[in-house]
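Residue-level structural notes
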Amino acid sequence: MTKGRFKIARCGMEGVDAVSADTSHAFGRHTHDQFGIGVILRGAQKSMSGRGVVEAEAGDVITVNPGEVHDGSPLGEGGRAWRMLYFDPAALAGPIRTVTEGSTGSAELSHPAMRDPASAACFLSLFRTMTDPHGGYSEIEGRENLLLLLAPLVDRRERKQPGAPKAIQQARERIDDDPSAPLSLGELAAIAGVSQFQLVRGFSKATGLTPHAYLIQRRLQGARKMIAAGATLADAAQAAGFADQSHMTRLFVRTYGMSPGLYAAAVN
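Residues numbered from 1 in each chain as written. Predicted model: local features only at pLDDT ≥ 70, side-chain atom pairs only at ≥ 80, totals over all residues. Heavy atoms only, no water.

1. Examining the pattern of salt bridges
Per the stated rule, a full pass over the model turns up 10 salt bridges. When the shortest N-O distance is used, the salt bridge between R51 and E108 registers 2.6 Å. Taken together, the positions of R51 in the loop between β5 (35–49) and β6 (52–57) and E108 in strand β10 (residues 108–109) put the pair 57 residues apart, joining distant regions of the chain. Owing to a relative accessible area of 36%, R51 belongs among the partly exposed residues under this scheme. The buried category is assigned to E108, whose relative accessible area is 14%. (Salt bridge = Lys/Arg side-chain N within 4 Å of Asp/Glu carboxyl O. Helix = DSSP H or I, 4+ residues; strand = E, 2+ residues; numbered from the N terminus. Buried < 20%, exposed > 50% of the residue type's maximum accessible area, 1.4 Å probe, protein only.)

2. Brief notes about the packing of helix α2 (residues 117–130) against helix α3 (residues 139–150)
Between α2 and α3, the shortest axis-to-axis distance is 9 Å and the interhelical angle comes to 150°. Classified by the interaxial angle, the pair formed by α2 and α3 is roughly antiparallel. The chirality of how α2 crosses α3 is left-handed. Contact with α2, carried on its side by S119, C122, F123, S125, L126, R128 and T129, involves E141, G142, N145, L146, L148 and L149 of α3 and no other residues of that element. Residues that form the contact of α2 with α3 fall into these classes: six nonpolar, five polar and two charged. (Axes fitted to C-alpha atoms, helices over the stretch in contact; angles between N-to-C directions. Parallel < 35°, antiparallel > 145°, perpendicular 65-115°, else oblique. Left-handed = near helix turned anticlockwise from the far one by under 90°. Contact = heavy atoms within 4.5 Å. Nonpolar A, V, L, I, M, F, W, Y, C, P; charged D, E, K, R; others polar.)

3. Describing the packing of aromatic side chains
In the structure shown here, the tally under the stated rule is six aromatic pairs. When the centroid spacing of 6.1 Å and the interplanar angle of 50° are considered together, the rings of F252 and Y263 count as tilted. Taken together, the positions of F252 in helix α9 (residues 245–256) and Y263 in helix α10 (residues 260–267) put the pair 11 residues apart, joining distant regions of the chain. Of the two residues examined, F252 and Y263, each falls in the buried class. (Phe/Tyr/Trp six-rings, centres within 6.5 Å; stacked < 30°, edge-to-face > 60°.)

4. Points about the side chain of H30
Mapped onto the secondary structure, H30 falls in strand β4 (residues 27–30). By relative accessible area, which is 3% here, H30 ends up buried. Separated by 2.8 Å, the side chain of H30 and the backbone oxygen of G28 make a polar contact. Excluding residues within four positions of it along the chain, H30 makes contact with E68, V69, H70, Q217 and T255. (Polar contact = N/O pair within 3.5 Å; in protein donor to acceptor, adjacent residues only side chain to side chain.)

Right, here's the structure in full:
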């Protein structure tokens with residue numbers, strides 16, 4: 001299904017979304033609850049990542065980790081085009097263990113933008129077999145390409161993530177416990193035991209997002225999962241905590257570049 005310049009294709013591997021895009025849309029700061037791996041096909045873009053601001057152009061491999069705050073804007077005229085595969089963490093757990101030889105460390109994709117023609121070719125081969133419209137997904141071909149693709153991308157070192165202050169962590173856990181619940185800044189500040197200003201400043205420093213922006217991302221992630229599971233858009237909006245379906249739709253498009261209706265038509 002397509003609308004504008006976005007297309008979502010069904011994947012032969014469970015827990016994977018395939019997205020093709022050709023757009024000048026500028027994405028604001030947001031997160032995914034999936035790993036994302038892709039290739040820029042045309043044009044170039046600039047984006048904030050967990051490792052700083054990076055630029056990527058045609059032929060470059062791009063990645064994002066679950067929960068990593070990032071954005072994306074085109075460089076130059078004409079926008080840019082890319083293909084991405086978004087993997088649920090569970091779908092990559094086994095392959096990552098394989099390429100790290102059983103490491104139980106906190107593996108992550110360590111290159112937000114990388115110029116490596118071999119990896120780009122491997123990704124495009126993986127994308128092709130994953131999205132074969134005739135249902136000809138080859139498990140052995142897909143598995144081989146996925147392992148070869150992950151090998152140079154996964155950071156095998158044990159990376160200790162800086163912990164957020166306890167007060168901020170408590171506020172974050174309150175949001176994570178039930179993102180759909182009504183919530184005020186005053187309530188979060190009381191849970192954290194700090195002033196509202198201290199909460200906003202500390203939360204932004206620790207997560208890259210304000211408490212409200214983080215709450216919206218968690219609600220969008222919940223809505224996306226419900227839509228993928230077959231919920232109607234209205235039900236997903238209500239269950240995720242949005243005021244109404246139109247409110248969810250505006251934020252969904254702003255974050256993902258496509259409408260929830262397009263997403264629902266592609267995955268259900």
